[in-house]
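# Fold and geometry: a report
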Amino acid sequence: MLEHLFTQNREWARAISTRDPQFFQKLSEQQAPEYLWIGCADSRVPANEIVDLLPGELFVHRNVANLVIHTDFNCLSVIEYAVAVLRVKHIIVCGHYGCGGVRAALQDRRLGLIDNWLRHIRDVRLRHRAELDALPSEDSQVDRLCELNVAEQVLNVCQTTMVQSAWEEGRKLEVHGWIYSLQDGLLRDLAVGVSDAAGAQALLLRNH
Ligand code: CO
């Protein structure tokens with residue numbers, strides 16, 4: 001069953017071990033990533049590969065449309081572990097243009113359970129309705145909503161108790177909002193980065 005995946009796995013592990021014979025042994029003893037990546041589950045946006053990082057260098061959480069929901073204990077647990085235990089220095093929320101989840105949130109068709117998840121993006125859409133309605137095509141609306149959604153999720157990360165506590169303790173912790181283009185494989189910084197509570201407040205006022 002799926003033998004080719006096991007074959008590829010053996011080749012992958014052998015290639016890494018050839019470069020660094022101690023690689024897996026060292027990594028099995030501890031992980032010390034500097035970054036938490038919160039991205040979309042889309043198969044075309046593989047976190048480690050995009051930024052060319054090895055196992056052990058990136059702590060990753062992915063879900064449909066890279067959402068950080070205030071009551072999602074899955075995502076919150078990842079953030080807590082990354083901030084409190086791994087003590088990452090950067091949290092990167094990375095969206096991508098042409099996101100299917102964002103596109104579905106722009107349309108008003110009923111899809112099922114996922115509508116309750118996408119409701120959070122529909123709230124963002126509602127908040128920026130005038131700007132989105134002024135755009136010339138659905139594709140451009142989707143792409144702009146992808147950007148606005150990243151900014152909103154950056155805010156949500158900033159508002160978690162874990163990040164607020166880290167800042168209160170005077171720890172250096174930066175939250176970044178990036179977007180990835182499927183067209184050219186490149187990342188763009190959306191300039192919604194925040195490094196303290198005052199910065200989070202400023203972003204909130206700018207976006208709401
Ligand atoms: Co997506």
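Residues numbered from 1 in each chain as written. Predicted model: local features only at pLDDT ≥ 70, side-chain atom pairs only at ≥ 80, totals over all residues. Heavy atoms only, no water.

Moving on, we come to helix α4 (residues 73–85). End to end, α4 covers 17 Å across 13 residues, agreeing with the expected 18 Å (1.5 Å per residue, within 8%). Buried-residue contacts for α4 involve β1 (35–40), β2 (58–63), β3 (90–96), α8 (138–158) and α9 (161–168). One side-chain oxygen at the N-terminal end of α4 lies 3.0 Å from the backbone nitrogen of N74; it belongs to D72. At the exit of α4 stands R87, carrying a positive phi of roughly 55°. (Helix = DSSP H or I, 4+ residues; strand = E, 2+ residues; numbered from the N terminus. Expected span 1.5 Å × (residues − 1). Contact = heavy atoms within 4.5 Å. Polar contact = N/O pair within 3.5 Å; in protein donor to acceptor, adjacent residues only side chain to side chain.)

What follows concerns the nonpolar core. Soluble globular proteins tend to pack their nonpolar side chains together in the buried interior. Counting 30 residues, the largest nonpolar core has L36, I79, I91, V154 and V157 as the members making the most contacts within it. Elements with a contribution of two residues or more to this core: β1, α4, β3, α8, α9 and α10 (197–207). Setting aside anything within four residues of it in sequence, one finds L36 in contact with F59, V60, H61, V78, I79, A82, V88, H90, I91 and I92. If you look at the next biggest cluster of nonpolar residues, it comprises 19 residues, including C40, I69, A105 and L145. (Core = buried A, V, L, I, M, F, W, Y, C linked by side-chain atoms within 4.5 Å. Buried < 20%, exposed > 50% of the residue type's maximum accessible area, 1.4 Å probe, protein only.)

What follows covers the environment of I38. Tracing the backbone through its elements, the reader meets I38 in strand β1. I38 sits in the buried class, given a relative accessible area of 1%. When the C-alpha atoms of I38 and Q153 are compared, they prove to be 9.4 Å apart, with 115 residues separating the residues in sequence.

All chains considered together, the criterion is met by 13 salt bridges. Residue K26 is joined to D20 by a salt bridge in which the shortest nitrogen-to-oxygen separation is 3.1 Å. Bridged by salt links that share partners, the residues R103, E138 and D139 form one connected network. (Salt bridge = Lys/Arg side-chain N within 4 Å of Asp/Glu carboxyl O.)

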